[in-house]
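Chains, contacts and geometry: an overview
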Amino acid sequence: MTDSLPRLTPSTRVRRTPFSRRVEAAGVSAYSIYNHMLLPTEFRSVEDDYRHLLSAVQLWDVSAQRQVEITGPDAQKLVQMSTPRDLSTMADNQCYYIPAVDENGGLLNDPVLVRLASDRFRVSLADSDLLHYYKGLANGFALDVDVFEADVFPLAVQGPLSNRLMGRVFGDEVTALESFRHRSVQLFGRATTVARSGWSHQAGFEIYLEGSEHGEALWDMLSDAGADLDVRAGCPNSIERIMSGLLSYGGDVTLDNTPFEAGLGRYCNLSATLCLGHAALAEKSRPMRQIRAVEIPGDPLPAIGERWPTAGLNHGSAGFITSAAWSPDVGANVAIGMIESAHWSPGTELVIDTPEGPRAAFVRSGFWS
């Protein structure tokens with residue numbers, strides 16, 4: 001008898017995407033469930049996908065980044081109530097990475113906010129049901145807004161050759177975009193937002209496809225245009241994102257953490273009362289634990305399915321590891337940990353309680369890329 005993991009039972013509660021058939025034809029080998037939707041997590045292998053991402057161009061089905069649209073005279077007021085990042089100078093062609101917090105300063109989500117007009121915003125969600133929070137605030141404070149899930153499906157184009165591919169399809173005006181800026185293009189007869197963004201530190205874009213019926217046509221258009229660029233289906237890669245220090249909401253950080261514990265203090269303006277959690281955040285601006293890069297030498301460890309307790313050399317608790325992956329470039333396991341302040345100094349030695357037994361590790365001065 002061989003060991004095997006339980007299978008995932010198909011259900012209409014777990015939604016497919018406009019790109020799912022193309023993803024499956026490309027040989028997806030693993031999925032995660034993200035915002036009640038399928039999110040590809042592996043194709044050939046995590047390491048092979050990583051190598052290709054660093055050298056070519058990939059199409060990522062990230063439709064699971066559900067789009068909450070907020071429109072109306074009080075749209076900016078509603079979004080500002082949820083985030084300590086000051087939105088007052090945000091331009092109509094900008095995207096902002098925002099910590100969304102509750103009244104206690106706990107992280108509800110860390111989405112990308114896309115401003116389309118002074119009275120129209122889209123919130124590109126990490127993995128939590130922030131739609132209900134916005135609806136609750138809008139109703140409770142009698143705000144003049146509409147809040148709904150838009151029929152919009154992000155497709156990311158990531159990798160060093162993404163500029164060449166996007167230039168062929170959308171022209172120089174798109175490739176000239178600065179980081180976290182967006183513009184509107186005509187696609188299948190509709191105005192479509194394209195942003196210079198993505199969940200990697202490689203060059204990249206996100207296309208916010210309007211209308212699910214056009215998903216396969218868009219995928220085929222990009223695949224055909226990038227045939228000589230070795231374009232492949234890909235997905236957010238655990239090696240690349242950990243080395244880049246990109247956080248996974250629900251994994252690395254949760255509602256139990258503040259933006260300061262998540263290392264997002266630079267997005268918190270405490271000089272003005274901007275959000276409902278302002279007072280709580282002001283009291284918690286000096287965290288006693290915080291996200292840190294941790295390196296674990298030795299053989300590759302299994303994929304992390306639960307937090308790994310972490311101790312200092314004196315055997316006292318030092319926190320826990322939230323994400324880990326074997327890096328072929330580093331030749332060690334790279335990890336993200338929520339580490340207690342007594343262990344923040346670079347080079348501090350730790351002992352990680354892994355599924356394969358205790359492993360020595362050390363805190364780094366920063367992430368790898």
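Everything quoted here is computed from the prediction, not taken from an experiment.

Criteria and cut-off values
Residues numbered from 1 in each chain as written. Predicted model: local features only at pLDDT ≥ 70, side-chain atom pairs only at ≥ 80, totals over all residues. Heavy atoms only, no water. Helix = DSSP H or I, 4+ residues; strand = E, 2+ residues; numbered from the N terminus. Rg over C-alpha atoms; globule rule 2.2 N^0.38 Å. Buried < 20%, exposed > 50% of the residue type's maximum accessible area, 1.4 Å probe, protein only. Contact = heavy atoms within 4.5 Å. Lys, Arg positive; Asp, Glu negative; His and termini not counted. Charge placed at Lys NZ, Arg CZ, Asp CG, Glu CD. Arc of directions from axis to C-beta. Salt bridge = Lys/Arg side-chain N within 4 Å of Asp/Glu carboxyl O. Pairing = 2+ DSSP bridges. Axes fitted to C-alpha atoms, helices over the stretch in contact; angles between N-to-C directions. Polar contact = N/O pair within 3.5 Å; in protein donor to acceptor, adjacent residues only side chain to side chain. Core = buried A, V, L, I, M, F, W, Y, C linked by side-chain atoms within 4.5 Å.

In this section: the overall build of the protein. Each helix and strand in the protein was counted, giving 9 helices and 21 strands. For a compact globule of 369 residues, the expected C-alpha radius of gyration is about 21 Å, and the protein comes in at 21 Å, within 12% of that figure. Along the first, second and third principal axes, the C-alpha atoms of the protein reach 65 × 50 × 40 Å. For the protein, with 369 residues in total, the buried portion stands at 54%. In the protein, 65% of the contacts between residues at least 6 apart in sequence involve partners at least 24 apart. Treating the 31 positive side-chain charges of the protein as one cloud and the 45 negative ones as another, the clouds have centres 2 Å apart.

Moving on: the environment of F188. Within the fold, F188 resides in the loop between β12 (182–187) and β13 (190–195). When residues no more than four places from it in sequence are discounted, the contact partners of F188 are L209, H214, A217, L218 and M221.

Considered for burial, the residues of helix α4 (residues 130–140) that qualify are L130, L131, Y133, Y134, L137 and A138. Relative to the axis of α4, the buried residues are bounded by an arc of 165° and lie together on one face. Residues of α4 that are exposed and point more than 90 degrees away from the buried face comprise H132, N139 and G140. Looking one or two residues past α4, A142 carries a phi angle of roughly 50°, positive in sign.

Throughout the structure, instances matching the rule amount to 19 salt bridges. With its nearest N and O atoms 4.0 Å apart, the salt bridge here joins E213 to R190. Residue E213 is located in the loop between β14 (204–210) and α7 (215–225), and its partner R190 is located in strand β13; the two are separated by 23 residues in the primary sequence. The class of E213 is exposed, set by a relative accessible area of 56%. A relative accessible area of 32% places R190 in the partly exposed class. Among the charged side chains, a salt-bridge network with shared partners connects E69, R120, R122, R190, E210 and E213.

What follows deals with the sheet that holds strand β20 (residues 349–354). Pairing in this closed barrel of 6 strands is antiparallel, and the strands run β16-β19-β18-β17-β20-β21 around the ring. Averaged over all neighbouring strand pairs, the angle between strand axes comes to 40°, with direction disregarded. Of the strand pairs in this sheet, strand β17 (residues 308–312) and strand β18 (residues 317–327) are connected by 4 bridges, and their pairing is antiparallel. Bridging across to β18, P309 finds its partner in F320.

Tracing the backbone shows S323 in strand β18. Side-chain polar atoms of S323 contact the side chain of R241, separated by 2.7 Å. Within the structure, the side chain of S323 is placed 2.7 Å from the side chain of D252, a separation counted as a polar contact. Apart from residues lying up to four places away in sequence, S323 is in contact with R241, I242, D252, I304, V334, A335 and I336.

What follows concerns the nonpolar core. Counting residues in each nonpolar core, the largest one holds 63 residues, and the members touching the most others are M166, I207 and L222. Those residues in contact with I207 that sit more than four places away from it in its chain are F153, P154, L155, V157, M166, F170, L187, T192, T193, V194, L218 and L222. Residues A75, L87, M90 and V123 belong to the second largest nonpolar core, which totals 25 residues.

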